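Given next are the chains, with one letter for each unit.
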Amino acid sequence: DDSESFKDWLYKLPDFKTKPKRKFKCLFYNAVLHPHRLIMLGDMKRRHLDDSILYSAINRGFDSREKLLLRIKNSDLVCSDDTLKYIEKLIDNEVPKMLGNEFDGDQEVMNYLINPNHYNSTWFSLVGETTYQDNSCTRLTEKTFKASMMHPFIMAGTQGSLQMFKNFGFKTFPNLFDESYDLIRNNSKRLKFIMNQVHLVLRMDERKFMKKMKESYEIVRFNQKHWMNLHDTLEKYLLGVFYEMVQ
């Protein structure tokens, strides 16, 4: 039935014996253009990495150019003049940039469902979480959860977001990225560190890159299996939080 065919492609991982090829290396979704996402997009352009990244820049809030740029200015994030120029060009020439969506009833501006074509055209995800600057509020959304089902990933979230993901029993990708970024409290330094990691991976020689992917997809396989048994882990996690609150 439809649910079984959905699982077939959802859980199907690349067969590295066939030496698979994909058009892009990285997938980077951006619906709402928060300051941290715009800075990453601008930095991506500044570093000339966009030829290796399948990215969207939808502007779901239909915010004006002036409002988007003002939010960057009013944030605590450092944005160089050079990066800002690339952001301005992106807003003027590409926004709204969509990737296409085959699912009836699921508009790309909402992007709730996993799109297999996007994931099967790329090797790993750069996740721009919803909350980035507020380190008093660590939370995960569907952006991280969807990526974890399909890809190795690096996450631009609040400090400690990656650790929260691991607290649910999932594994991450220290074989691919230096995950000490999750410990960096300064938001600008953390963002720069993350983009440096993406740059390093994208510019690996092909043999090393594919070796890292083969290792990383075994971790993805573990996470897929863990998703199927998450109710037990979630119950234990919530009970632990409850006991900490009442002690």
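Anyway, here's the lowdown on the structure attached to this text. (Residues numbered from 1 in each chain as written. Predicted model: local features only at pLDDT ≥ 70, side-chain atom pairs only at ≥ 80, totals over all residues. Heavy atoms only, no water.)

**Some thoughts on the pattern of salt bridges**
Following the criterion strictly, the structure yields 11 salt bridges and no others. Asp 43 is paired through a salt bridge with Arg 46; the nearest N and O atoms lie 2.7 Å apart. Pair noted here: Asp 43 and Arg 46 are both in helix 2 (residues 35–46), with a separation of three residues, about one helical turn. Between Glu 94 and Lys 45 there is a salt bridge, and its shortest N-O distance comes to 2.6 Å. Of this pair, Glu 94 sits in the loop between helix 4 (81–93) and helix 5 (116–120) while Lys 45 sits in helix 2, and the two are 49 residues apart along the sequence. Salt bridges linked by common partners bring Asp 43, Arg 46 and Arg 47 together as one network. (Salt bridge = Lys/Arg side-chain N within 4 Å of Asp/Glu carboxyl O. Helix = DSSP H or I, 4+ residues; strand = E, 2+ residues; numbered from the N terminus.)

**Description of the packing of helix 6 (residues 142–150) against helix 9 (residues 206–228)**
Following both chains from N to C, one finds helix 6 and helix 9 inclined at 115°, their axes separated by 7 Å at the closest point. Residues Phe 145, Ser 148, Met 149 and Met 150 of helix 6 touch helix 9, and the partners they reach there are Tyr 217, Val 220, Asn 223, Gln 224 and Trp 227. Classifying every residue of the contact of helix 6 with helix 9 by side-chain character gives six nonpolar, three polar and no charged. (Axes fitted to C-alpha atoms, helices over the stretch in contact; angles between N-to-C directions. Contact = heavy atoms within 4.5 Å. Nonpolar A, V, L, I, M, F, W, Y, C, P; charged D, E, K, R; others polar.)

**What about the side chain of Ser 75?**
Tracing the backbone through its elements, the reader meets Ser 75 in the loop between helix 3 (65–74) and helix 4. At a separation of 2.8 Å, a polar atom in the side chain of Ser 75 contacts the main-chain carbonyl oxygen of Ile 72. At 3.2 Å, the side chain of Ser 75 and the backbone nitrogen of Leu 77 are in polar contact. Contact partners of Ser 75, with chain neighbours within four places excluded, come to Pro 35 and Gln 133. (Polar contact = N/O pair within 3.5 Å; in protein donor to acceptor, adjacent residues only side chain to side chain.)

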